[in-house]
Amino acid sequence: MGIESLLVFIIVGAIAGWLAGLIVKGYGFGLLGNIVVGIVGALVAGLILPRLGLQVGGGVLAAIINATIGAVILLVLIRLVKSA
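An account of the accompanying structure is given in this report.

Each value, and the rule that gives it
- Residues numbered from 1 in each chain as written.
- Predicted model: local features only at pLDDT ≥ 70, side-chain atom pairs only at ≥ 80, totals over all residues.
- Heavy atoms only, no water.
- Helix = DSSP H or I, 4+ residues; strand = E, 2+ residues; numbered from the N terminus.
- Buried < 20%, exposed > 50% of the residue type's maximum accessible area, 1.4 Å probe, protein only.
- Contact = heavy atoms within 4.5 Å.
- Areas by Shrake-Rupley, 256 points an atom, 1.4 Å probe, with all protein chains shown as cover.
- Expected span 1.5 Å × (residues − 1).
- Bend = angle between axes of the 7 residues up to and from the residue.
- Axes fitted to C-alpha atoms, helices over the stretch in contact; angles between N-to-C directions.
- Parallel < 35°, antiparallel > 145°, perpendicular 65-115°, else oblique.
- Left-handed = near helix turned anticlockwise from the far one by under 90°.
- Nonpolar A, V, L, I, M, F, W, Y, C, P; charged D, E, K, R; others polar.
- Patch = residues over 30% accessible without salt bridge, like charges linked within 9 Å, V, L, I, M, F, W, Y side chains within 5 Å.
- Salt bridge = Lys/Arg side-chain N within 4 Å of Asp/Glu carboxyl O.

### Some points on the overall build of the protein
Inference 1: Helix and strand counts for the protein stand at three helices and zero strands.
Inference 2: When the helices and strands of the protein are read in sequence order from the N terminus, they spell out α-α-α.
Inference 3: Dimensions of the protein, computed from C-alpha atoms along their principal axes, come out at roughly 40 × 30 × 20 Å.
Inference 4: Counting the 84 residues in the protein, one finds 32% classified as buried.
Inference 5: Counting contacts in the protein only where the partners sit at least 6 residues apart, residues at least 24 apart contribute 73% of the total.
Inference 6: Taken as a whole, the protein presents about 5400 Å² of accessible surface, with 75% of it coming from carbon and sulfur.

Right, dumping it as structure tokens:
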């Protein structure tokens, strides 16, 4: 993995984490937290969405959408665990 790929990976994670924080109200983790939430969300979406038959497509925009969906799922699960 080159430095450019790593930089895109971090930027996509940050954007996805930030968007998920806006969608799931009450969750703001700062820049580093948003990156982590976005990256973990991308992993979650990579596991769940293909099994549901959903495919977003290719490219950076599709990666952001995919990671945002996964991050929203992750934040909702965190909210459910915290409230239980």
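### Considering helix α2 (residues 30-52)
Inference 1: Here α2 is 23 residues long and its end C-alpha atoms lie 31 Å apart, about the 33 Å a rise of 1.5 Å per residue gives.
Inference 2: At A45, α2 shows its largest bend, some 30 degrees.
Inference 3: Residues G33, N34, I35, V37, G38, G41, V44, A45 and L49 constitute the buried set of α2.
Inference 4: Buried residues along α2 sit in contact with α1 (3-23) and α3 (60-83).
Inference 5: Following α2 by one or two positions, G53 adopts a phi angle in the positive range, close to 85 degrees.

### Regarding the packing of α1 against α3
Inference 1: Two numbers describe how α1 lies on α3: the axes approach to 8 Å, and their chain directions differ by 45 degrees. When the axis of α1 is compared with that of α3, the two are oblique. For the element pair α1 and α3, the recorded crossing hand is right-handed. Along its contact with α1, which presents V12, I15, A16, L19, A20, G21 and I23, the element α3 presents V60, A63, I64, A67, T68, A71, V72 and L75.
Inference 2: A per-class count over the contact of α1 with α3 returns 13 nonpolar, two polar and no charged.

### Some words on a nonpolar patch on the surface
Inference 1: Taken together, M1, I3, L6, F9 and I10 make up a surface patch of nonpolar side chains, about 530 Å² in accessible area.
Inference 2: Residue position: I3 is located in helix α1.
Inference 3: Classification of I3 as exposed rests on a relative accessible area of 62%.

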